[in-house]
Each structure stands twice: as C-alpha cells, then as structure tokens.
Amino acid sequence: MPTIERVTAAEILDSRSRPTVSATCILAGGAQASASVPSGASTGTAEALELRDADPQRYGGLGCRKAVAHVNGEIHQALAGASLADQAELDGVLVALDGTPNKSRLGANAILAVSVAFARASALERGVPLYTHFAGMLGLAPDTLPRLTINLLSGGMHAGRQVAIQDVLIVPARPTTIDESLAMAYDIYQAAAALILKRYRMRLLTADEGGLAPPCESAEELIETAIVAIKSAGYRPGSDVMLALDVAASHFYAHGKYYLDGAQLDSPGMIARMVRWVERYPIVSLEDGLAEDDWEWWPTLRQALAKRALVVGDDLLCTNPQRIQRAIEVRACNTLLLKPNQIGTLTEAAQAWRLATQAGWQVTISVRSGETEDNWIADLAVGWRGDQFKPGSITQSERLAKYNRLLAIEAETQWPVVRWALG
Ligand code: PGA
Ligand code: ZN
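Residues numbered from 1 in each chain as written. Chains lettered and ligands numbered in written order. Predicted model: local features only at pLDDT ≥ 70, side-chain atom pairs only at ≥ 80, totals over all residues. Heavy atoms only, no water.

## Observations regarding the pairing of strand E6 (residues 241-246)
So, step 1. Within E6, six of the six residues are buried, leaving the element largely enclosed by the surrounding structure.
So, step 2. A two-sided burial pattern is seen for E6, the buried positions comprising Val-241, Leu-243 and Leu-245 on one face and Met-242, Ala-244 and Asp-246 on the other.
So, step 3. Where strand E5 (residues 167-172) and E6 come together, six bridges link them in antiparallel fashion. Each residue of the ladder has a partner; that of Pro-172, found in E6, is Val-241. (Buried < 20%, exposed > 50% of the residue type's maximum accessible area, 1.4 Å probe, protein only. Helix = DSSP H or I, 4+ residues; strand = E, 2+ residues; numbered from the N terminus. Pairing = 2+ DSSP bridges.)

## Remarks on the packing of aromatic side chains
The geometry of two aromatic rings is summed up by the distance between their centres and the angle between their planes.
So, step 1. Tallied over the entire structure, the rule returns four aromatic pairs.
So, step 2. On the numbers, 5.8 Å between centres and 75° between planes, the contact of Tyr-131 with Trp-415 is edge-to-face. Within this pair, whereas Tyr-131 is found in helix H4 (residues 130-137), its partner Trp-415 is found in the segment after helix H13 (397-413), the two being separated by 284 residues in sequence.
So, step 3. Measuring from ring centre to ring centre gives 4.5 Å for Tyr-253 and Tyr-258, while their planes differ by 40°; the resulting arrangement is tilted.
So, step 4. Accessibility expressed as a relative area gives 0% for Tyr-258, which makes it buried.
So, step 5. Taken together, the ring pairs in this structure connect Phe-252, Tyr-253 and Tyr-258 into an aromatic cluster.
So, step 6. Taking NZ or CZ as reference, Arg-326 lies 4.0 Å from the ring centre of Trp-295, over its face. (Phe/Tyr/Trp six-rings, centres within 6.5 Å; stacked < 30°, edge-to-face > 60°. Lys NZ or Arg CZ within 6 Å of the ring centre and 35° of its normal.)

## Some thoughts on the environment of Met-270
So, step 1. With respect to the helices, strands and loops of the structure, Met-270 is situated in helix H7 (residues 267-280).
So, step 2. Separated by 35 residues in sequence, Met-270 and Leu-305 place their C-alpha atoms 13 Å apart.
So, step 3. Look past the residues within four positions of Met-270 in its chain and what remains in contact with it is Val-247, Phe-252, Tyr-258, Leu-260, Leu-265, Gly-289 and Leu-290. (Contact = heavy atoms within 4.5 Å.)

Pasting the structure below:
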C-alpha cells in the first residue's frame, strides 16, 4: 500500500509554449516520479476545466500558477502521510477535495498531473513498467500494441482554418509492427511535403500537431492530397494504408447548420457528405462527424456508416462517463476517443474505458494538440489495450516522445500491433 510523503508541482511550457502543470509524487518508500499534462485547442464544451490564472499581464491569462499552488498547498496537505490502497482511492480523495462537477475549483490540470504522478511512482515502487501498472488498474493482460493513426494533413483549428475539417490521418494497416508503421509514415510524410511544395509552391508549414497544412479549398481536395501522397510514396491506399478523419464538426457548426467549404449543410446533408467520402475514399474512422450537441442525428450517422467506418466521439463524449452512457443508450457512436485530461483523473478515464468496452465499442487513445515531452499516454495506450493510438504527426519532439516510447515498449515486449478490424 503506497504511502505518500509529498506532492509538489511546477509550471512548465507545452508545445504551443503555453504554461501547463508538472506534478511530482514522492512515496514514503522513496519512489519519486513526475508527470505533466497536455492541453487541447479544439476542446469539447463538456471537458473538465483547466484552471488558468486569467492574469492578462502574464501569458495572456494562460498561466498555471494557481493550479500549481493548489498542488503545493491544499492537495499536498490532504495527501501527505496518506496510505492509499490504489489509484481509485487517490483519485477519490482528489475528486472529493475539489468538490465541483468539472474540477473547476482545484483545476483538472492540477488533479490529473497528481493522478498520473502517483501512478508512475506506484509503478516504480512495484518495480513494473508503467504500461503493466496501467493494465493492472483495469485487470488487463495486454499482448498487442495499438494501431497507429498518424496525423498527415490539417485544417480547422489546428491550422489556418483554410479547410473546415481538422485532420486527415493515415492508418498503416498492413504493418504488424510499430517500427514498420513509422517507416511507412515517414515515406508518406516526405511524399506529402514534396507534393505540397510542387502543387502549392509551399514549403513546410505545420499545424499544431505537426501535420502539413496545404491551402486546399475543400475537404475533398485535402483527402485527395493525402491519397496522392500515399501513392507517390509507393503504397496502396485501401490496403497498405487507410485514412482516418477528425472532422471536428462542432467547430464549423452554428444554429443547426454546418459551414463546410462554402456550403451550408443541415445535419442530413452533412451525413450524406460523409457517406460520400467513405464510399469514395479508403476512410475507416470518422471522428466528430457531427457537432457535440447535435445528439439527434448521431444515431443516423452511426447507422449510415455501419461496418464501413468507425464512428468516433471526441467532443461529443469528452471522456465523460455520463455522456458515454447517453451515447450508448441512443447508439450515437461506436468508438470512444479517450483523452484523460478531458475528465481529470485516471480512475474516471478508466470508468469511461469500461463503459465503452462493455458496450462493444472500440477505444482510440489520444494525445492533445498542446503536449509536453512526457510520454505516459503511450504506456496508457498499451496498458489499456487501445485499439488505436493517436499521437499526432511524426514530427516535433512532443509527438516523437510518444512514438519513441512505443518503439521501446515494442523492443521490450515484441508484441504485434493489433489487427485492424472495423468491429
Ligand atoms: P485538441 O484536439 O487536443 O486541440 O482538443 C484534438 C482532437 O480534436 O482530437
Ligand atoms: Zn477530435
């Protein structure tokens, strides 16, 4: 039973040079570990609250000194000397201490950083890899690695909004290893960069997650650019490599209409457009195809894409067990995009995982657009048997930290990548 001696925190900077929280947990037995938390830009409105200082004189109000002070003060006082049976007990203390439904008092950034630092210190104390410790939280014994979905091209809020849809990702389908998947992604990324230079006379301009951001005029043009890049790298779209889209439709939706590439579509029109994409292109996963509050039409979308593409809920679900429960009841989607910082503790994220899995859904474990060099999410993706893992593009060290951790886990375990299945 780990006993906490001390928890501390510090403000560090994320990949957009915005402040975030890094927490350290020291156990009485001597184990000590730190963890830092990411931050989204294309956020769902039901996410737990990231506490920011709101001081316009410092980082435009985005400072995290208040969240850090909560860890060093109130959270440390509540936890110092506590012997905790497990992660669930620690997280229960944090949730009760905060006392709000969305962690707005202490801040989800403060709380999650402590939650993960404790998990890491506990794994160290037990002498097991972090992914094994995470697996234990859910009673799992993983023997595969997640399939990668790798950001190639971006629009929407992650780039200049030149196209409404947010991300076109490649899904290496043929490779059975992470190593091979990344080598394939490298070839395609290079081919895409060369193509964009030739077609748009544009040198590398990367979006928040490291994807290329060509000035395409429509979603179709963006998707077709990805397909040409795959072919010119010598791979076959539809067999070697598939595509996944993060439509992030909440961000071009207003008053019942989707403002997509100059058109105004109602919900059935938006669904028809996505069905056409799935028929024309090798798209196997469609995230946030409709807006987060367009609940009425999500079941129709799921039905329309059944057995053709995963219908993934990100902004729709916000890793929130209540929203997931509702989505299960109305059959709104069939894949959970799991981002622990949307909910604020590992235990609640585990509950989200359990609900989704019991409903027969798949789970895609995802990073955020604002990340740090920490790599705990890669261990989580393996330990929790993510069907897919979405770390962003294969550029920028905050993304490569996750890919490199996966390579290390692969070298250690020799587990194969899970077989692609639409489920
Ligand atoms: P965010 O977006 O991390 O900027 O919120 C990522 C996504 O929409 O999947
Ligand atoms: Zn998303």
